[in-house]
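Fold and geometry: a report
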Amino acid sequence: MRRVSGVAVAALAASVNAASLADVCTVSNVQAALPANGTLLGINLIPSVSTASVVYNATAGGGMGSASTTSTETFNYCNVTVTYTHPGKGDTVVVKYAFPSPSDFKNRFYVEGGGGFSLSSDATGGIEYGAVGGATSAGYDAFDYSYDEVVLYGNGSINWDATYMFGYQALGEMTRLGKAITNDFYGLSSDTKIYTYYEGCSDGGREGMSQVQRWGDEYDGVIAGAPAFRFAQQQVLHVFSSAVEHTLDYLPPPCELDKIVNATIAACDPLDGRTDGVISRTDLCKLNFNLSSIIGESYYCAAENSTSLGFGFSKRDVERGNLSKRQAAEGSTTSYQPAQNGTVSAEGVAVAQAIYDGIFNSKGERAYLSWQIGSELSDADPTWNSNTSAWELNIPSTGGEYVTKFVQLLDLDNLSNLDNVTYDTLVSWMETGMVRYLDSLQTTVPDLTTFQSSGGKLLHYHGESDPSIPAASSVHYWQSVRSIMYPHLSEEESLQALEDWYQFYLVPGAAHCGTNTLQPGPYPQNNMEIMIDWVENGVKPSRLNATVSSGTYAGETQMLCQWPTRPLWHGNSSSFDCVNDQKSIESWTYTFPAFKVPVY
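Throughout, a residue's number is its position along its own chain's written sequence, starting from 1. Side-chain atom pairs in this predicted model are given and counted only at pLDDT of 80 or more, local residue features only at pLDDT of at least 70, and totals for whole chains, interfaces and linings cover all residues. Water and hydrogen atoms play no part in the side-chain values, which are based on all heavy atoms of the structure.

**Details of the overall build of the protein**
- Summing up its helical and strand segments, the protein has 18 helices and 25 strands in all.
- Computation of the radius of gyration draws on C-alpha atoms alone. For the globule rule, the value is 2.2 Å times the number of residues to the power 0.38. A compact globule built from 600 residues would reach a C-alpha radius of gyration of about 25 Å, and the protein, at 24 Å, matches this within 12%.
- Its C-alpha atoms give the protein principal-axis dimensions of about 80 × 55 × 50 Å.
- Within the span of the protein, comprising 600 residues, buried residues form 58% of the whole.
- Here, residues are in contact when the closest pair of their heavy atoms is within 4.5 Å. Sequence-distant contacts, at least 24 apart, represent 73% of the contacts inside the protein between residues at least 6 apart. Secondary structure counts use DSSP, requiring at least four H or I residues in a row for a helix and at least two E residues in a row for a strand, with both numbered from the N terminus. With a 1.4 Å probe rolled over the protein chains alone, any residue whose accessible area is under 20% of its type maximum counts as buried; one over 50% counts as exposed, and the rest are partly exposed.

**Some thoughts on helix α11 (residues 346–357)**
- Residue count minus one, scaled by 1.5 Å, sets the expected span of a helix. The end-to-end C-alpha distance of α11, which contains 12 residues, comes to 16 Å, matching closely the 16 Å that a straight helix rising 1.5 Å per residue would cover.
- Elements in contact with the buried residues of α11: α6 (231–248) and α7 (254–268).

**Comments concerning the packing of α6 against helix α13 (residues 423–436)**
- Helix axes are fitted only over the stretch in contact, all axes being lines through C-alpha atoms; the angle between N-to-C directions runs from 0 to 180 degrees. Running from N to C, α6 and α13 cross one another at 170°; their axes reach a closest spacing of 10 Å. The pairing of α6 with α13 is recorded here as roughly antiparallel in orientation. Taken together, the residues of α13 that come into contact with α6 (itself represented by Ala232, Gln233, Val236, Leu237, Val239, Phe240, Ala243, Val244 and Thr247) are Tyr423, Leu426, Trp429, Met430, Gly433 and Met434.
- Each residue is assigned to one class: nonpolar for Ala, Val, Leu, Ile, Met, Phe, Trp, Tyr, Cys and Pro, charged for Asp, Glu, Lys and Arg, and polar for all the others, Gly among them. Looking at the contact of α6 with α13 residue by residue, the class counts come to 12 nonpolar, 3 polar and no charged. An angle below 35 degrees is read as roughly parallel, one above 145 as roughly antiparallel, one from 65 to 115 as roughly perpendicular, and any other as oblique.

**Topic: the sheet that holds strand β22 (residues 544–548)**
- Note: two strands are recorded as paired if DSSP finds a minimum of 2 bridges between them. Strand order in the open sheet formed by 3 strands is β21-β22-β23, and the pairing between neighbours is antiparallel. Edge strands, defined here as strands with exactly one partner in the open sheet, are β21 (522–524) and β23 (557–560). Going across the sheet, the axis of each strand differs from the next one's by a mean of 40°, ignoring polarity.

**What about the nonpolar core?**
- Within this scheme, the nonpolar core is defined by two criteria: the residues are buried Ala, Val, Leu, Ile, Met, Phe, Trp, Tyr or Cys, and they are joined through side-chain atoms within 4.5 Å. Judged by nonpolar contacts, the single largest core of 130 residues is most densely connected at Tyr97, Tyr147 and Tyr502.
- If you tally residues by element for this core, the top one is helix α4 (residues 160–185), at 11 residues.
- Marked domain ranges trace back to an automatic or database domain assignment. Inspection of this core shows a minimum of three residues originating in each of domain 1 (18–190) and domain 2 (233–309 + 329–439).
- Among all residues touching tyrosine 147, those that are not within four sequence positions of it are Phe117, Tyr140, Ala162, Thr163, Phe166, Phe406 and Leu441.

**Some words on the pattern of salt bridges**
- What counts as a salt bridge is simple: a side-chain nitrogen of Lys or Arg found within 4 Å of a carboxyl oxygen of Asp or Glu. As enumerated under the stated definition, the model contains 19 salt bridges in all.
- A salt bridge links glutamate 297 to lysine 259; its shortest N-O distance comes to 3.5 Å. A residue pair is termed long-range when its members are at least 10 positions apart, and glutamate 297 in the loop between α8 (282–288) and β11 (298–301) and lysine 259 in helix α7 qualify at 38 residues.
- Assessed through its relative accessible area of 25%, lysine 259 is described here as partly exposed.
- Lysine 405 is paired through a salt bridge with glutamate 401; the nearest N and O atoms lie 3.2 Å apart. Here lysine 405 pairs with glutamate 401, and both are found in helix α12 (residues 397–407), just 4 residues apart, close to one helical turn.

**Regarding the state of the cysteines**
- Two cysteine sulfurs form a disulfide in these notes if their separation is within 2.5 Å. Tallying each qualifying case throughout the model produces 5 disulfides.
- Here cysteine 25 is linked by a disulfide to cysteine 78, with a sulfur-sulfur distance of 2.1 Å. Since a negative S-S torsion denotes a left-handed disulfide, the cysteine 25-cysteine 78 link at about 75° is right-handed. With a gap of 53 residues between them, cysteine 25 in the loop between α2 (21–24) and α3 (27–33) and cysteine 78 in strand β3 (residues 74–85) connect regions that are remote in the sequence. With respect to class, cysteine 25 is no different from cysteine 78; both count as buried.
- In this model, cysteine 561 is linked to cysteine 578 through a disulfide, with the two sulfur atoms separated by 2.1 Å. Where cysteine 561 bonds to cysteine 578 through sulfur, the torsion about that S-S bond is close to -90°, and the disulfide is left-handed. With cysteine 561 in the loop between β23 and β24 (566–569) and cysteine 578 in strand β25 (residues 576–579), the pair connects residues that are 17 residues apart, well separated along the chain.
- For the protein, the disulfide bridges join cysteines in the arrangement 1-2, 3-8, 4-7, 5-6, 9-10, where the cysteines are counted in sequence order.

**Brief notes about the domain arrangement of the protein**
- Under the domain assignment used here, the protein contains domain 1 (18–190) and domain 2 (233–309 + 329–439).
- Centre-to-centre, using C-alpha coordinates, domain 1 lies 38 Å away from domain 2.
- Facing 15 residues of domain 1, the contacting portion of domain 2 comprises 11 residues.
- In this assembly, domain 1 packs against domain 2 so that about 1100 Å² is buried in total across both faces, 59% of it on carbon and sulfur atoms.
- Counting across the domain 1 and domain 2 interface gives 0 salt bridges.
- A 3.5 Å cut-off defines polar contacts: any pair of N or O atoms within that distance qualifies, except that in protein one atom must be a possible hydrogen donor and the other a possible acceptor, and neighbouring residues in sequence count only when both atoms are side-chain atoms. Connecting domain 1 to domain 2 are 4 residue pairs in polar contact (both at pLDDT 80 or more).
- Examining the composition of the side of domain 1 that touches domain 2, we find that 4 residues originate from one element, α4, more than from any other.
- Of the residues in the side of domain 1 that touches domain 2, the class split is 8 nonpolar, 5 polar and 2 charged. The term buried area denotes the loss of accessible surface (1.4 Å probe radius) that occurs when two parts are joined, taken as the sum for both partners.

**Overview of the packing of aromatic side chains**
- Aromatic rings from Phe, Tyr and Trp, taking only the six-membered ring of Trp, are treated as a pair when their centres fall within 6.5 Å; an angle between ring planes under 30 degrees marks them as stacked, one over 60 as edge-to-face, and anything in between as tilted. Evaluation of the coordinates by the stated rule reveals 30 aromatic pairs.
- A ring pair is formed by phenylalanine 105 and tyrosine 186, whose centres lie 4.1 Å apart and whose planes are at 10°; its orientation type is stacked. With phenylalanine 105 in the loop between β4 (93–100) and β5 (108–112) and tyrosine 186 in the loop between α4 and β9 (195–201), this pair connects stretches of sequence that are 81 residues apart. Exposure class is identical for phenylalanine 105 and tyrosine 186. Each is buried.
- Summarising the aromatic geometry, the rings of tyrosine 147 and phenylalanine 406 are spaced 5.7 Å apart at their centres and angled 65° between planes, so their arrangement reads as edge-to-face. Taken together, the residues tyrosine 147 in the loop between β6 (131–136) and β7 (152–154) and phenylalanine 406 in helix α12 connect sequence positions 259 residues apart.

**Topic: unusual backbone geometry**
- For the bond from tryptophan 563 to proline 564, the omega torsion is 15°, close enough to zero to count as cis.
- Topologically, proline 564 is positioned in the loop between β23 and β24.
- Its identity is not glycine, yet aspartate 141 carries a phi of approximately 60°, on the positive side.
- Tracing the chain through its elements places aspartate 141 in the loop between β6 and β7.

**Notes on α4**
- The axis of α4 is deflected most strongly, by about 65°, at phenylalanine 166.
- Judged by how many residues are buried, α4 sits mostly within the fold: 21 of 26 residues are covered.
- Phi turns positive one or two residues past the end of α4, at glycine 187, with a value near 70°. One axis fitted to the seven residues ending at a residue, another fitted to the seven starting there: the angle between these axes is the bend at that residue.

Here it is, written out as structure tokens:
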């Protein structure tokens, strides 16, 4: 790395900030900014293949977790690629960086999460915040391939390099390297503070948590939505709905499942104090509503074509624009459904109730939690066979591929059937995956001392009616962090200590990483602005700003309650209190005795 005197640094910084983008966006400037090999342990740069080119009037990226997906503002930036290898491995990792114009740079570095089995391939997400951004090939060409395509070299042979890189290593290295380059690229002194942010949802949320857990001292602010951590349990859960139908020997038509969900929403909506089409308190629904009361209600659905998706997404995510075309294509299938009519059956309610209850082994020991009551039951939708004019069991590839590739170690994209598969089988799959990938994909380390002691701030949110990754999954992790980091403090003291740096919010009615067409509730729109204000100006939030985008209350701003408090509306007014409700909190609290080791 270049070494210059303090006076020279100040002069150089002034000159660079006054320089044009074209002045700094050169290969020679990039090469000069690269840290010398040996400076960053485990990273050997290959300066000769660095590139740099100016990009004018481009729109910035806005992936999952970013609120800027519809921005029409354009930016100029320097598109840079650098290449490195891990000493002794002979591998090659290409990293893309987007450097804002010197006049736009605000001493920030930004990392955007991906989705599904993919890391983000777009480095421009931070441009609108005056931040350098990055994207990495992770050593397995993650720009063009998703991780599930490369997890196996062949049957029985795990690609551990790709697994660790996808799990947490690639983003951490990209961030550490990018920050080192940034200072010299702009001619800043080596001790200039570069505020470093992460933002992502779904697996992007898991990726964010991986950085908090593994690279905590690199980040100042992390925003993690609906994290797909506890990877083994989460992915096998996607097989659970089909296993319930297989075990109970009943396939509810999709229209019957939709009726059960919609009737539940209608019945539980008023329990939170306001009738607005949103279950703001799924805990009260769980404690007070009996699904069997829906038996006998009629349903009707017209014929339609529907789309089911792969990892981490509900069937409405494409409609909401939460997926890129590539993400939507991976693992997605389109099928025809005929017109359906009938009445809700006891068998259909039994299926829904078993799904909402979660997974237990044959001894009655809980293995995992499940989606909140009132969440869309999209994993349970059967497939219509036009040849036989009958419904058939549908095993979502979301979970089926995980079982075949990650557990059975077979290069197959899905399970062909569930013959001889019991709930005990699901638990054994979870246990195999948990143990095998405990230090890579599980992403459940609860000791965040490095992040906390470095001054990091964590904003964690989850749609309460998420039909893909259960909201209670996030609650359980928050509880794990609290119990591990503050075991000797009183309840009140531990809450105060935690909220200074780690805040968690449930988003009433929200689905997976976005709003919910079934429930017109609020959704956070400006998380990055809130995080920047918290990190750079010390303005600690106590509630999370969210806006209702549809329905009767469209445009209404709601300040969401910080967990563990819960909203309680004032009789159909526009105000609510954040209350402590012990019974409700207990309904969100789980232990998993089916496993003999802690599940954080």
